[in-house]
Amino acid sequence: MTNRKAITDILKIKHPIVQAPMLGVSTPEMAAVVSNEGGLGSLAVGGLSPVVTRDLIRKTKSLTNQPFAVNLFTHEIPAYAESELEPMRNFLIELAHKRGYSLNKEALTSFKFYNHLDQIDILVEEGIAVVSFTFGCLDAQSIGILKQNNCILIGTATCVEEALYLEEQKIDLITVQGIEAGGHRGTFINDISLPQVGLFSLLPQIKKAVKLPIIAAGGINSVETMKAAFDLGADALQIGTAFIGTKESIAISSYKEKLLKTKDTDTTLTRAFSGRWARGIRNEMMAEIEQSGIAVPPYPLQNSLTAMFRKLAQQNNDSDYTNLWAGQNAAQVKGKSTKQVFEGLMGFYYSLHD
Ligand SMILES: Cc1cc2nc3c(=O)[nH]c(=O)nc-3n(C[C@H](O)[C@H](O)[C@H](O)COP(=O)(O)O)c2cc1C
């Protein structure tokens, strides 16, 4: 039993297809195309500064007058001592040097971190209709403020317990993220070891446990995968990897090219780039960090430690020294523009029989 009409009514969109927020890949242009086509575009602003957040929102608003989701990271900002980062910092400086990049210690020291608490006021002021989030649940005060402003809230769950928690907190919709999904795991209940449940197993269990409408994410990019997700209880679908290769994506060209050649076994979960588990295509940087034997600091510390190195690599179109987030079903990724990818997905959608 699917609830597709209800979810499109709640989100005020035409089609139950969500373009996944993808920090470092998706853009206002991408989100606007999807929203203009009747899906739900998503703008990724997780961990960005208030100034950049507002700029990206305004840019998206200038490109569409349809609803789009603004996606936040709801992690906590850890207390830490600079000395704890020293081993990883030194290792990265040396590794960068071996690769021909110059990293100085100052750029890898005294980080400034932001989380959703720095962004809520901006979302309200900008009249954002849909807020999605991952890495945790919004705090009660933020939920209250956003709801007072008629905002629809979408949380991310990677296991039944997280879905139940989001429902208890009165979140409106749940994105169910299977282990196939590209990018970071949304996992936030820390006393459970990392949930690694596939979408096939997770969807029916969450459907049974909660009453909220469900958006399925992970490995969806064909008629068959769409049908399976709807049959297993999804009310809408969230798709990420399929949009990485588009011209609206800011992924570097060598990443896009690698994606086209990615086989089912080429991605893995790693903490190497950010300190949080995320799925990406294996590469040298991932292997070097994992094999270094140096403890990887938690998110967002490791994310900031590797950020400058990854930026230099991206400037040099060097796909071996930056994160290449991708899902397990990347092999079928095709299409040159967001509109073409979205139209392809809509073609699959319409070929399904109710
Ligand atoms: C490059 C990339 C970046 C991502 N960044 C985010 C993000 O900023 N926020 C978020 O909630 N999910 C993020 N995700 C996860 C997606 O929301 C979604 O779960 C995933 O893309 C679905 O699986 P698929 O990639 O197989 O379609 C990202 C995924 C990818 C591939």
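An unreviewed UniProt entry annotates the protein as Propionate 3-nitronate monooxygenase of Pedobacter ureilyticus. Its UniProt record gives the protein the following Sequence similarities (unreviewed entry) comment, quoted word for word: "Belongs to the nitronate monooxygenase family. NMO class I subfamily." The heading Cofactor (unreviewed entry) in the UniProt record of the protein holds the text "FMN".

1. Notes on the overall build of the protein
The helix and strand tally for the protein stands at 13 helices and 11 strands. Relative to the compact-globule value of 20 Å for 354 residues, the protein shows a C-alpha radius of gyration of 19 Å, a close match. Considering only C-alpha atoms, the protein reaches an extent of 55 × 45 × 40 Å along its principal axes. Considering only contacts within the protein whose residues lie at least 6 apart along the sequence, 67% involve residues at least 24 apart. Summed over its atoms, the accessible surface of the protein is roughly 15200 Å², and 52% of this surface lies on carbon and sulfur atoms.

2. Let's talk about the site of the ligand
Lining the immediate surroundings of the ligand are 24 residues, of which Pro21, Asn71, Gly219, Gly240 and Thr241 lie closest. Between the ligand and Gly182 there is a distance of 3.3 Å, counted from an oxygen atom to a backbone nitrogen or oxygen. Contact distances for the ligand include 3.4 Å between an oxygen atom and a backbone N or O atom of Gly218. For the ligand, whose accessible area on its own is 590 Å², the fraction buried by protein is 96%. Of all elements in the fold, only β3 (68-73) and β9 (236-239) reach the threshold of two or more residues within the shell around the ligand.

3. Some words on the pairing of strand β4 (residues 130-134)
Counted residue by residue, β4 has five buried out of five residues, so it is predominantly covered. Alternating positions in β4 separate into two faces, Val130, Ser132 and Thr134 on one and Val131 and Phe133 on the other, with burial throughout. Where β3 lies against β4, five bridges are found, and the strand directions are parallel. Bridge pairing in β4 places Asn71 opposite Ser132. Where β4 and strand β5 (residues 152-157) come together, three bridges link them in parallel fashion. Among the inter-strand pairings, Val130 is bridged to a residue of β5, identified as Ile152. In this region the chain leaves β4, passes through helix α6 (residues 140-148) and returns to the parallel neighbour β5; the handedness of that crossover is right-handed.

4. Focus on the packing of helix α7 (residues 160-168) against helix α8 (residues 199-209)
Where α7 meets α8, the closest approach of the two axes is 9 Å, and the angle between their N-to-C directions is 35°. Between α7 and α8 the crossing geometry is right-handed. For the pair formed by α7 and α8, the contact residues are Val160, Ala163, Leu164 and Glu167 on the first element and Leu202, Gln205, Ile206 and Ala209 on the second. For the contact of α7 with α8, the class distribution of residues is six nonpolar, one polar and one charged.

5. Re the packing of aromatic side chains
Counted by the stated rule, this structure contains 11 aromatic pairs. Ring geometry for Phe73 versus Tyr299: centroids 6.4 Å apart, planes at 75°, classification edge-to-face. Here Tyr299 lies in the loop between α11 (284-291) and α12 (301-315) and Phe73 lies in strand β3, a separation of 226 residues in the sequence. Judged by its relative accessible area of 9%, Phe73 falls in the buried class.

6. Looking at the pattern of salt bridges
A full pass over the atoms with the stated rule returns 17 salt bridges. Note that Lys147 and Asp172 form a salt bridge whose closest N and O atoms lie 3.3 Å from each other. Here Lys147, found in helix α6, pairs with Asp172, found in the loop between α7 and β6 (173-177); they are 25 residues apart in sequence, far enough to count as distant. The class of Lys147 is partly exposed, set by a relative accessible area of 31%. Assessed through its relative accessible area of 21%, Asp172 is described here as partly exposed.

Thresholds, definitions, all that
- Residues numbered from 1 in each chain as written.
- Predicted model: local features only at pLDDT ≥ 70, side-chain atom pairs only at ≥ 80, totals over all residues.
- Heavy atoms only, no water.
- UniProt positions renumbered as here; feature names shortened; annotations may be inferred.
- Helix = DSSP H or I, 4+ residues; strand = E, 2+ residues; numbered from the N terminus.
- Rg over C-alpha atoms; globule rule 2.2 N^0.38 Å.
- Contact = heavy atoms within 4.5 Å.
- Areas by Shrake-Rupley, 256 points an atom, 1.4 Å probe, with all protein chains shown as cover.
- Near = heavy atom within 4 Å.
- Polar contact = N/O pair within 3.5 Å; in protein donor to acceptor, adjacent residues only side chain to side chain.
- Buried < 20%, exposed > 50% of the residue type's maximum accessible area, 1.4 Å probe, protein only.
- Pairing = 2+ DSSP bridges.
- Right-handed = clockwise from strand over helix to strand, strands pointing away.
- Axes fitted to C-alpha atoms, helices over the stretch in contact; angles between N-to-C directions.
- Left-handed = near helix turned anticlockwise from the far one by under 90°.
- Nonpolar A, V, L, I, M, F, W, Y, C, P; charged D, E, K, R; others polar.
- Phe/Tyr/Trp six-rings, centres within 6.5 Å; stacked < 30°, edge-to-face > 60°.
- Salt bridge = Lys/Arg side-chain N within 4 Å of Asp/Glu carboxyl O.

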